[in-house]
Structure formats: structure tokens, C-alpha cells
Amino acid sequence: MHNQKMFDWNDLTYFLAVAREGSSLAAARALRVNQSTVHRRLVELEKRLGCPLVERRPSGYRLTDCGKELQPYAERVEQAASALARHAATFDKGMTGTVRLTCSTAIAYRLTRSELLDKFHKSYPGIKIELLMTDRVLDLSRSEADVALRGGDAREEVLVGKKIADVPWAVYASRSYLGRNGNPRSPEDLQSHCIIEFTDDLAALKAARWLSSKAPQARISGQASNVPSVLLAVKSGAGLAPLPTPLADLDQDLVQVIGPIPELDYPIYLLTHRDLRKIPRIAAFFQYCLDRLRPVLTGAQSRKTS
């Protein structure tokens, strides 16, 4: 080993992506590079380290014993590099540059329909807000984003932030569906209607559990794994489903038939890494959101102006 050329630290990024994603294709998508690049850099890393890191199988990649032992070391290098980059960023005291905001597609749609970002850009013309619209939880510790709007419980100790809204949910149907099937008057009436089932990560939402408890015998006419897909299924007339009212109320084809239901309120947190909070442009955007974002997320702004 001591006679071999030192490996390229950047290649650890490809190794960790393959370890986490399970395939070179998924790793390439996560890193936004070509699959051939992932494969080439992984082979080079194995050559420099002198041991195989992964076993290539038809179903994907699996770490070898060597890969499993080295993964924690690679992760510590990644963490140290990210910490160095975050600390170096705090030296920038200017009010120019980009702030990357990650949020779900549903929240992003709400933001783009409001004037919130336009007003921020007018107040801070040197700062550009880049929306990262994804239902995947991006890692702020690994610099995948600067600020996050995230639903559910906030548990990461390295993040700082505040709950800024409890988003109300209600049951919706399309006008065409109600014309064919009538209007449910209570949660108990849902048993005799068609419903859209929440799947994958969405199945853990309070709204999903509430729907299955109130209508366990209802006919499932569709399934969806994200909120925009649920909305489209309801809009198509396939069935009923709970939806966040700030999003669903924007669509004139949808009718709120039950609710809002207080027990389905969904908390939204504004979060950033504690190191990034020291960067002036990020601090400015963070405080701007704390002061102005709640009405946009809860729909109070729309109800006030409608």
C-alpha cells in the first residue's frame, strides 16, 4: 500500500453514493453524473486502495467486507469536508450569492403562487433563491441544501429552526365525482365512497391513518405516493382523499366536503444547519421566512385576499 499513489478523496463520494443507493445508476442520479463516471471512479478507488469495495450483481451492488469496514471512515472524511466547507462559507460576509431552499413539490407550488420570493428578491437583489423541489429529505449537513421547509418532527441535533405553521387538511372531491356519487356529510359516510389510498412514505401521514381508520371498507380506486399525485387523482374524479387545504383550495375543480379536521394538522418547520445560520445571506432569508411565510403555508393569505 505504501508504494501506491494516494487515492483521490473525491472518489469517496462515488463509493458512498453507491453504498447508499445500491446501484451505480441510482448513485449517478443522486450525484447528477453519468453512470459510466460512477463506475470508472469506483474502479479507480478500488485500485488505489488495493481491495474490492463492492460486489456487482444483477440486482445491483453490495458492499464487500472491505467496503463495509471502510464505509464509516469514508463517512467521517465526508463529514469533515462538509464541516470545513460550511465553516469557510461563514467568512463570506457579503449579501450576494445563492441560497438553496429544499421543500416538497406541494410547498414549492404554494411558494411560486405567492409573491414571497419575488418580494425577497426585490429587497435583496444580490441574493438568488434556488428551489430544490423534491420529496426526498436532503441532508443539510452534507451541503445538499442551505435551508429546508420540512414537515413532521424535526429531530436532527445539528439543525436549528422553528415550527412556522400547522397546515390544515380536509377531505376533498371533484365536482364531477360529487355529481355522480353525492356528497358525504360525515367521516362515517366515506365508507360508501371511493377513496385514494396513500402509499410509501405518504402512508405514515396522520391523514393516511385517519382515512384508513374512518373508511376501512371503502373501495380503493387509486393509489399515490406523493401529495400532488393524490390531488391529481382526486381532481380526475377517481375518489375522495384528504389534502392540505392551502394547496387544494387553489384548484377550482375541487370541493372541500369534510373539514378542516384539526387532528390532521401537519407541522412545517423552517430549518438550517447551525453553521450556515451564521452566513449573512442565509440568515437574511431565514429571518425573512420566519416573519412572512406562515400565511403562505396555511392559506391565510389567500383567504384574506379572496
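Conventions and cut-offs
- Residues numbered from 1 in each chain as written.
- Predicted model: local features only at pLDDT ≥ 70, side-chain atom pairs only at ≥ 80, totals over all residues.
- Heavy atoms only, no water.
- Patch = residues over 30% accessible without salt bridge, like charges linked within 9 Å, V, L, I, M, F, W, Y side chains within 5 Å.
- Areas by Shrake-Rupley, 256 points an atom, 1.4 Å probe, with all protein chains shown as cover.
- Salt bridge = Lys/Arg side-chain N within 4 Å of Asp/Glu carboxyl O.
- Helix = DSSP H or I, 4+ residues; strand = E, 2+ residues; numbered from the N terminus.
- Buried < 20%, exposed > 50% of the residue type's maximum accessible area, 1.4 Å probe, protein only.
- Polar contact = N/O pair within 3.5 Å; in protein donor to acceptor, adjacent residues only side chain to side chain.
- Pairing = 2+ DSSP bridges.
- Axes fitted to C-alpha atoms, helices over the stretch in contact; angles between N-to-C directions.
- Contact = heavy atoms within 4.5 Å.
- Expected span 1.5 Å × (residues − 1).
- Arc of directions from axis to C-beta.

A. Structural context of a nonpolar patch on the surface. On the surface, a nonpolar cluster with roughly 340 Å² of combined accessible area is contributed by Met6, Trp9 and Val77. Looking at where tryptophan 9 falls in the secondary structure, it is placed in the segment before helix 1 (11–21). Its relative accessible area of 58% is what places tryptophan 9 among the exposed residues.

B. Local environment of the environment of threonine 64. Within the element layout of this structure, threonine 64 appears in the loop between strand 2 (60–63) and helix 4 (65–89). Sequence-wise, threonine 64 and leucine 42 are 22 residues apart; in three dimensions their C-alpha atoms are separated by 13 Å. A polar contact of 3.0 Å, which involves the side chain of threonine 64, links it to the backbone nitrogen of glycine 67.

C. Summary view of the sheet that holds strand 11 (residues 254–258). Spatially, the three strands line up as an open sheet ordered 10-7-11, and their pairing is antiparallel. Where the open sheet ends on each side, the last strands, each with one partner, are strand 10 (241–244) and strand 11. This sheet shows a mean twist of 55 degrees between the axes of neighbouring strands, independent of strand direction. As judged from the four bridges shared by strand 7 (residues 169–174) and strand 10, these two strands associate in the antiparallel manner. Directly across from tyrosine 172, in strand 10, lies its bridge partner alanine 241. Along the sheet, helix 9 (residues 227–235) contacts strand 7, strand 10 and strand 11; its crossing angle with strand 10, the most-contacted strand, is approximately 125 degrees.

D. Layout of helix 3 (residues 35–49). Over its 15 residues, helix 3 runs 21 Å from end to end, which matches the ideal 21 Å to within 8%, given 1.5 Å per residue. Where helix 3 is concerned, the buried positions are Thr37, Val38, Arg41, Leu42, Leu45, Glu46 and Leu49. All buried residues of helix 3 project into a common sector of 165 degrees when viewed along the axis, lining one side. Seen from the open side of helix 3, the exposed residues pointing more than 90 degrees away from its buried face are Ser36 and Lys47. Buried residues along helix 3 sit against helix 1, helix 2 (24–31), strand 1 (54–57), strand 2 and helix 4. Glycine 50 sits one or two residues past helix 3 and shows a positive phi near 80 degrees.

E. Region of interest: the pairing of strand 7. Most of strand 7 sits out of view: six of its six residues are buried. A two-sided burial pattern is seen for strand 7, the buried positions comprising Trp169, Val171 and Ala173 on one face and Ala170, Tyr172 and Ser174 on the other. Examined bridge by bridge, strand 7 and strand 11 share four bridges and lie antiparallel to one another. Paired with serine 174 across the bridge in strand 11 is leucine 254.

F. Up close: the side chain of aspartate 146. Its place among the elements puts aspartate 146 in the loop between strand 4 (127–133) and strand 5 (147–151). Since its relative accessible area comes to 7%, aspartate 146 is described here as buried. Reaching out from aspartate 146, the side chain makes a polar contact with the backbone nitrogen of arginine 100 at a distance of 2.8 Å.

These values are about where atoms sit, not about what they do.
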